[in-house]
Structure formats: structure tokens, C-alpha cells
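Listed below are the residues making up each chain.
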Amino acid sequence: MSDHTVKSYDEELAHLTNIIARMGGMAEAQFAAALQALSKRDSDLAARVVAGDTRVDELEHEVQQFTVRLLALRQPVASDLRHIVAALKISSELERVADYAANVAKRSLVLNHMPPVKPVSAVLHLAHLVQEILKDILDAYIERDVDKAVRVWNRDEEVDDMYTGLFRELITYMMEDPRTITACTHLMFMAKNIERIGDHATNIAETLHFLVVGTPIKGERPKGNTVDTE
Amino acid sequence: MNAIPVTDTRLAKVAARDVNVYYGQKHALKHVDLDIRANDVTALIGPSGCGKSTFLRCINRMNDLIENAQVTGSLTLDGDNIYDKAIDVVQLRARIGMVFQKPNPFPKSIYDNIAYGPRIHGMARDQTELDEIVMNSLEKAGLLGEVKDRLEESGTGLSGGQQQRLCIARAIAVAPEVILMDEPCSALDPIATAKVEELIDELRENFTIVIVTHSMQQAARVSQRTAFFHLGELVEVGDTEQIFTNPQHPLTQGYITGRFG
């Protein structure tokens, strides 16, 4: 798209994309560090992740202030309006992603006080899938790539299926060896947090579609198996 | 289940089909097809020289007054051909009133400004009826409270915003069906503008309104439909909400977001 007649407006919109990109990078890094803390049983790293969450919160706050300012001073319409509203929404999604990452780190601190349990690797396996999805959606945002966003949107089914499998695996493990119940319960919550990060990536995909095309993604999202509730 | 949205079942009050305007050799308006829906405010937007005012002036044959101007195609009001040779242009302009950019009250009293039209159209049988029309029009234009004690004072002594509402009252007085407004707020301050915009919204109940505006915000605030013109062509028309959130044509997008070269 061509530039605005008023150049400072373009700079402000670019700045907004920039903050979101930084926030996305930060959320990704927090998530990766939380997973490393889990796999390496590194309590120092986990503590740093927990402490680092405030920086993501600060960026979200910055996005909020900046978008309100743009709305008030520029009275944006059409694609500019969608750009600004999308940034506001995506910043809250990323803030949630970072929250879940911090929660994974917190639980890994607890796990480090217990003997290691085998299903950790299965949780990491789920996490790597979600990491990929998160990376893809952040790339799609920077490139304004709708096709990529739709692919991310469709992949949430994989996450749901894997999560359901993991849930069953953890229950089996706990039944076989009740001494692992505390550790496995923490892992189960971690898995839930990680699955939620995937949901937020899906939300970003929907927002990105609205940003670029101006309409919601069409059709029902394929839904994976839901967890047995009995 | 009625699958057709309610707005689409309403008949077009004014229908333009393949309307072209030439000023001498200059092709100022090109093949415009546009339906103006009854009781909607339709905003015409576009850069200077895009043809929006030219189109507006076609609707009540103001272009007849311009030498060299030639209009082709078809324009109808409730199905009646506006350019029919048999039509009385004075009567037509009573049905399709107009408000201009600069408030232009007659150098007469406030009362006579309003009474002028009804008098020449013979709309009142006696003084009481005329008084009623004047009061009614001032009331509808939201001006009565401000001027009721000084109806004999000159209309030109009012503030700019009041003068513009006086002109709107004058247009209403002859009971038109359509009111055309050519940048009615461009000479007004924000408060007077807000009053006129509020008035436009109220008038919509009884009249069909077409407004030319350079203020995109104004088009967004007051209209239900927006038509974007560029270089004499109608580029896009749609519900105002859609035009300002998700315009379909890149030119519309460029214009309303301020990306126009």
C-alpha cells in the first residue's frame, strides 16, 4: 500500500507494528526459556522467566497507550483502523501467552524439588508444536501473510489432539505409580497452559485475517477431540 | 425467513442511470449509476474536481444554469424523469431543495426568508397558515427557540451557524421530498457543525438527504450510504459503515485513509 500524505502517521503505524513484533519476540523467548528450565531442571532460569513477565506487561501497556493516542489524534479509518484495533487485540493475546509461559516456569520450580518423571518429554513434545505455531503466526503478522494465518488457524486441531493424548498418558502414569501424582498434576496444568498458548496463536490468526482482509475467517474451525470430562 | 435485507426492499427515491455531464469539451461526470434511497442520508465524497458537486447539481437541474453544460442519461425522482421537457423546473426545485456551502439568507427579515418560498408557491391561503408554516419550519430546523422573539430582524444578522439553519428552514418550508446539501458545514465552527449534523439526522425521518462533504468524519457521522467519486467516475458506493471499515476499491481506501497522491 502506498504511503500516507502525512508521513508521521506512517511512522506511528510502523512503530505500532514494531512494538507488537518486540512483544511477540519477548513472549516467544519467555516460552522457550520456560521450556528449557523444565527440560534442564534449571531453577535459576525458571526464576528469571517468572521475573521477566513484567517486561511483557509493560509493553502491553505501551501498546494500549499508543493505540488510544492514535485513535484520538488520527481518527483512523479502513485498513488503518483495522491495523490499530488488531494491534490492541494482539497485544493482549501476547500478554496472555507470556503469562502462561511464566506459569510453566513457576511449576517447573516446584517440579525441581521432586524426582524427575518420564512424561516431561511428552509435555515438551506438545510445547514444540505450539512453539512452531506461535513462531508462524508472529512471522505471518510481520509479513501480513493471510494464507499463513489460515494454516496456523487450522493447526489448532493438531494441538488439541496431542493434548488429549497427553492427558491420557499422564493419567495412566499416575495410576501405575501413585507417587508421581503431584508431579504429574503439575505437568497436566503445564500441558493445559501450553495448549492455551496455541489457542491464543489461533486468536491472533483470526485477528490477522480481519486486519488484512477486513472480514472474519470463514467456516467452522476444525475441532480436535475434547478431553474426557468423566 | 426474508433473506433480503430491509434496506434493499426500499425503492430508490432518486435513480441515476448512465448519467454523463459535459462542460463544453470536458467530460465532467462519466456513466454514473446511483440509487439514492428514501429517508437515507447519502454522502458524496471525493477529491476536488471529482464530480460529486456536479452530480448533486444534476439532481435538481442546477446545471441548467451553467452555459455549455450538457447532461445525458436518465435521472428520475420517484420514477418521474427529472429531465423531461414538460417538467416545470421551479416545481421540481420545490420537490428537491438545496442548501449551499455558504449560508445565503435573503437580505430580508427572518420571517420573510422562510415565507418567501411558500408565498410564491401559493402554499398558504391566509396569514395564519403562513405563520404556521414559518413556525413549523423554524421548529424543524431547531432554530425557533433562538429567533422566535426577533422574527422581524434581518436574517443576515444571525451567526453563521444560525444562518445555515435558517437556510435549511427555508428549504424545508416548501415541503420538499429531497434536500441536497453542498458542503453545508464548511463555513461553520465545530459547535454549529454539530447542530447542523444533529439536524440532518432528525430531518432524515421526513426527507431524503444527499450531502456533498470534504470532511470524511462528517460523512461517517451523518450518512447511512457513502458514494466515492474520482475523476468524474463513481468508484464505489456502499453502506457508510462498510466504506469506512472495509472499502473494496483501492482508490476509496487510498482516499479515506489519506494516502492519495
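Definitions and limits used
Residues numbered from 1 in each chain as written. Chains lettered and ligands numbered in written order. Predicted model: local features only at pLDDT ≥ 70, side-chain atom pairs only at ≥ 80, totals over all residues. Heavy atoms only, no water. Salt bridge = Lys/Arg side-chain N within 4 Å of Asp/Glu carboxyl O. Helix = DSSP H or I, 4+ residues; strand = E, 2+ residues; numbered from the N terminus. Buried < 20%, exposed > 50% of the residue type's maximum accessible area, 1.4 Å probe, protein only. Contact = heavy atoms within 4.5 Å. Buried area = accessible area lost by both parts, 1.4 Å probe. Polar contact = N/O pair within 3.5 Å; in protein donor to acceptor, adjacent residues only side chain to side chain. Pairing = 2+ DSSP bridges. Axes fitted to C-alpha atoms, helices over the stretch in contact; angles between N-to-C directions.

(A) Here's a closer look at the pattern of salt bridges. All names here are of chain B. Inspection of every chain in the model, using the stated rule, returns 27 salt bridges over all chains. One salt bridge connects R17 with D35, and the closest N-O pair in it is separated by 3.0 Å. Highlighted residues: R17 in strand β1 (residues 12-23) and D35 in strand β2 (residues 26-37), separated in sequence by 18 residues. Note on R17: relative accessible area 39%, which makes it partly exposed. The structure contains a network of salt bridges with shared partners spanning K13, D78, D80, R95 and E177.

(B) The interface of chain B and chain A, seen in detail. Across the boundary between the two partners, chain B contributes 11 residues, which contact 17 residues of chain A. Taken together, both faces of the contact between chain B and chain A bury some 1,100 Å²; the carbon and sulfur share is 44%. On inspection of chain B and its partner chain A, the count reaches one salt bridge. Between D80 of chain A and R259 of chain B there is a salt bridge, with the nearest N and O atoms lying 2.8 Å from each other. Taken together, the connections running from chain B to chain A amount to 12 residue pairs in polar contact (both at pLDDT 80 or more). For the side of chain B that touches chain A, the elements supplying multiple residues, two or more each, are α10 (240-245) and α11 (250-256) of chain B.

(C) Up close: the sheet that holds β1 of chain B. Residues and elements named next belong to chain B. In space, the four strands of this open sheet follow the order β2-β1-β4-β5, with antiparallel pairing throughout. Of all strands in the sheet, those with a lone pairing partner are β2 and β5 (80-81), marking the two edges. Where strand β4 (residues 69-77) meets β5, two bridges bridge the pair, whose relative direction is antiparallel. Looking at the pairing, L77 lines up with D80 of β5.

(D) Representation of the sheet that holds strand β8 (residues 208-212) of chain B. Residue and element names in this part refer to chain B. If you walk across this open sheet you meet the six strands as β6-β7-β8-β3-β9-β10, and the pairing is mixed. The open sheet has two edge strands, β6 (96-99) and β10 (233-239), and neither has a second partner. Taking the axes of each pair of neighbouring strands and ignoring which way they run, one obtains an average angle of 20° across the sheet. Sheet topology note: the β6/strand β7 (residues 178-182) ladder contains four bridges and is parallel. Residue pairing for β7: G97 is matched across the bridge by I179. Contacts between helix α2 (residues 52-59) and the sheet are confined to β3 (41-45), β6, β7, β8 and β9 (225-230), with β7 contributing the most and set at about 150° to the helix.

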